[in-house]
Amino acid sequence: MTAALILKDVSKARGSGPQATQALVEVSLHIEPGEVLALQGPSGAGKTTLLSVAGGLLEADAGEVVLAGRPLGGDRAADRAHRARSVGFVFQRPNLLSRLTVRENVLLAAAMAGLSTDQAEREAASLLDALGLQGLASRLPDQLSGGQEQRCAVARALIHRPAVLLADEPTGSLDSKSGARVAEQLLSIAKERGAAVVIATHDDGLAARCERRVRIVDGRLEEEQPRRPEETRPTGTGA
């Protein structure tokens, strides 16, 4: 089985010149298709930088990133096209386009990933239904609750069935009930579609649902902790 995501001795500086600091220091990770990993650590430890480098939004200063079987860092145009097909991103804020409806926001992401119109329509209908948004498809973002907006962001990230889903504090701006529902649906749909998932989170409840837990401190991976069998628990439902 080809790994969904490989980072090998990846380093990345933040800033330049005398003020530069090391955001990542020789980070190595190997994530299989369908695997779910929680990335934890204090603010400023390098979580967002790691996700950005892993997803090709930032280029590593050293080391190697292999995304869905293709090394990044060569042809930038080819990297962008591969990233559009292979990665889905969910951020702390939904960042929906305010003038587009829920359905239009999701379909725009499908078009950017190169899906045909028919395939995009089918995937959008399936995801919006699974996320409880089918009846809200014609609404604009300012007509949604925070949880509904974030579920739309999840649909947007998964519409093209990416090999890798990268989520940066996806429940960080939500109340506990809405956050629990978003986390449950994000994990279940991504798992069903076979995506490898990396979630940067301060939420220990969300991290406990992940199969692996990695901690990053000062840009270095400090420890890797597989989930123990006794940590497996049924997930609740939220409104």
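Relevant structure appears above.
Thresholds, definitions, all that
- All residue numbers refer to position in the chain's written sequence, counted from 1.
- For a predicted model such as this one, the threshold for reporting local features is a pLDDT of at least 70, and the threshold for listing and counting side-chain atom pairs is 80 or more; totals across whole chains, interfaces and linings nevertheless cover every residue.
- Heavy atoms from the whole structure form the basis of all side-chain values; hydrogens and water molecules are not counted.
- In this analysis, strands are considered paired if DSSP registers two or more bridges between them.
- A run of H or I in DSSP becomes a helix once it reaches four residues, and a run of E becomes a strand once it reaches two; helices and strands are each numbered from the N terminus.
- Salt bridges are defined by distance alone: a side-chain nitrogen of Lys or Arg within 4 Å of a carboxyl oxygen of Asp or Glu.
- Here a cavity denotes a set of grid points, spaced 1 Å apart and computed over the protein atoms alone, in which a 1.4 Å probe fits but from which it cannot get out, and a pocket denotes an open set meeting protein on both sides within 12 Å along at least five of seven lines; residues with an atom within 4 Å of a point are reported as lining.
- Grid points are joined across faces, edges and corners, and a volume is the space filled by probe spheres set on the points.
- Throughout, the ten residues Ala, Val, Leu, Ile, Met, Phe, Trp, Tyr, Cys and Pro are labelled nonpolar, Asp, Glu, Lys and Arg are labelled charged, and all others, Gly among them, are labelled polar.
- In what follows, residue pairs with any heavy atoms lying within 4.5 Å of each other are defined as contacts.
- Note on terminology: a nonpolar core comprises buried Ala, Val, Leu, Ile, Met, Phe, Trp, Tyr and Cys residues joined through side-chain atoms within 4.5 Å.
- Categorising residues by exposure relies on relative accessible area from a 1.4 Å probe, with only protein chains included: less than 20% of the type maximum marks a residue as buried, more than 50% marks it as exposed, and the intermediate range marks it as partly exposed.
- One fewer than the residue count of a helix, multiplied by 1.5 Å, yields its expected span.
- To be clear, the arc concerns the directions from the helix axis to the C-beta atoms.
- Throughout, an axis means a line fitted to C-alpha atoms (over the contacting stretch in the case of helices), and angles, computed between N-to-C directions, take values from 0 to 180 degrees.
- Oblique is the label for any angle not under 35 degrees, not over 145, and not in the 65 to 115 range, which are roughly parallel, roughly antiparallel and roughly perpendicular in turn.
- By convention the crossing between two helices is left-handed if the near helix lies anticlockwise of the far one by an angle smaller than a right angle, and right-handed if it lies clockwise.

Let us look at the pairing of strand β4 (residues 62-67). As paired elements, strand β1 (residues 5-14) and β4 share 5 bridges and run antiparallel to each other. When the sheet's bridge partners are listed, Leu7 is paired in β4 with Val65. Linking β4 to strand β5 (residues 70-71), which pair antiparallel, is a turn of 2 residues; within it Ala68 sits at a positive phi near 50 degrees.

Counted under the stated rule, the structure contains 10 salt bridges. As a salt-bridge pair, Glu59 and Arg76 come within 3.9 Å of each other at their nearest N and O atoms. In this pair, Glu59 sits in the loop between α1 (47-54) and β4 while Arg76 sits in helix α2 (residues 76-86), placing the two residues 17 residues apart along the sequence. Taken together, the salt bridges that share partners define one network made up of Glu123, Arg161 and Arg193.

Here the idea is plain: a probe the size of a water molecule rolls over the atoms and shows the empty space left. Under the defined criterion, the tally for this structure stands at 1 cavity of 30 Å³ or more. For the largest cavity, the full set of lining residues is Pro170, Thr171, Val182, Ala183, Leu186, Leu187, Ile199 and Leu206. Per element, the largest residue contribution to the lining of the largest cavity is 4 residues, and it comes from helix α6 (residues 176-192). Grouping the constituent residues of the lining of the largest cavity by class yields 7 nonpolar, 1 polar and no charged.

Turning next to the environment of Ala190. Examined against the element boundaries, Ala190 turns out to sit in helix α6. Ala190 sits 28 residues away from Pro162 along the chain, and the two C-alpha atoms are 8.9 Å apart. Excluding anything up to four places from it in sequence, Ala190 contacts Leu158, Leu165, Ala195 and Val197.

Looking now at the nonpolar core. Counting 41 residues, the largest nonpolar core has Ile159, Leu165, Leu186, Val197 and Ile199 as the members making the most contacts within it. At the level of secondary structure, the elements contributing two or more residues to this core comprise β3 (36-40), α3 (102-112), α4 (117-130), α5 (146-158), β7 (164-168), α6, β8 (196-200) and α7 (204-208). The contact partners of Val197, leaving out residues within four places of it in the chain, are Glu35, Val36, Leu37, Leu165, Leu186, Leu187 and Ala190. Membership of the second largest hydrophobic core comes to 27 residues, among which are Leu7, Leu39, Ala54 and Leu166.

Attention now moves to α4. One full turn of an α-helix is made of 3.6 residues, so residues set three or four places apart face in the same direction. Over its 14 residues, α4 runs 20 Å from end to end, which matches the ideal 20 Å to within 8%, given 1.5 Å per residue. What α4 keeps buried is the set Ala120, Glu123, Ala124, Leu127 and Leu128. Angularly, the buried residues of α4 cover 125 degrees about the axis, an arc narrow enough to put them on a single face. Facing away from the buried side of α4 by over 90 degrees, the exposed positions are Asp118, Arg122 and Asp129. Where α4 terminates, the next one or two residues include Gly132, which has phi positive at roughly 70 degrees.

Turning our attention to the environment of Leu72. Within the element layout of this structure, Leu72 appears in the loop between β5 and α2. Residues Leu72 and Ala120 lie 48 residues apart in sequence; the distance between their C-alpha atoms is 27 Å. In this view, Leu72 contacts Val53, Ala54, Gly56, Val65, Leu67, Asp79 and His82; residues no more than four positions away in its chain are not counted.

It is at 10 Å that the axes of α5 and α6 come closest, and there the two elements cross at 15 degrees. Here α5 is positioned roughly parallel relative to α6, judged by the angle of their axes. Crossing hand, α5 versus α6: right-handed. Within the contact between the two elements, α5 uses Gly147, Gln150, Arg151, Val154 and Leu158 and α6 uses Ser178, Arg181, Val182, Gln185, Leu186, Ile189 and Ala190. Taken together, the residues that form the contact of α5 with α6 break down as 6 nonpolar, 4 polar and 2 charged.

Counted at 1.5 Å a residue, the expected span for α5 with its 13 residues is 18 Å, and the 19 Å between its end C-alpha atoms agrees. Of all 13 residues that make up α5, 11 are buried, and the element is covered over most of its length. Regarding α5, the residues found buried are Gly147, Gln148, Gln150, Arg151, Cys152, Ala153, Val154, Ala155, Arg156, Ala157 and Leu158. Close packing links the buried residues of α5 with β6 (87-90), α3, α4, β7 and α6.

What follows concerns unusual backbone geometry. If a residue is not glycine, its phi is most likely negative; likewise, a peptide bond is most likely trans. Unlike most non-glycine residues, Arg161 shows phi in positive territory, near 50 degrees. Here Arg161 is to be found in the loop between α5 and β7. Accessibility expressed as a relative area gives 45% for Arg161, which makes it partly exposed. In this structure, Asp218 takes a positive phi of about 50 degrees despite not being glycine. Looking at the element boundaries, Asp218 is found in the loop between β9 (212-217) and β10 (220-226). Among the residues examined, Asp218 registers a relative accessible area of 60% and is labelled exposed.

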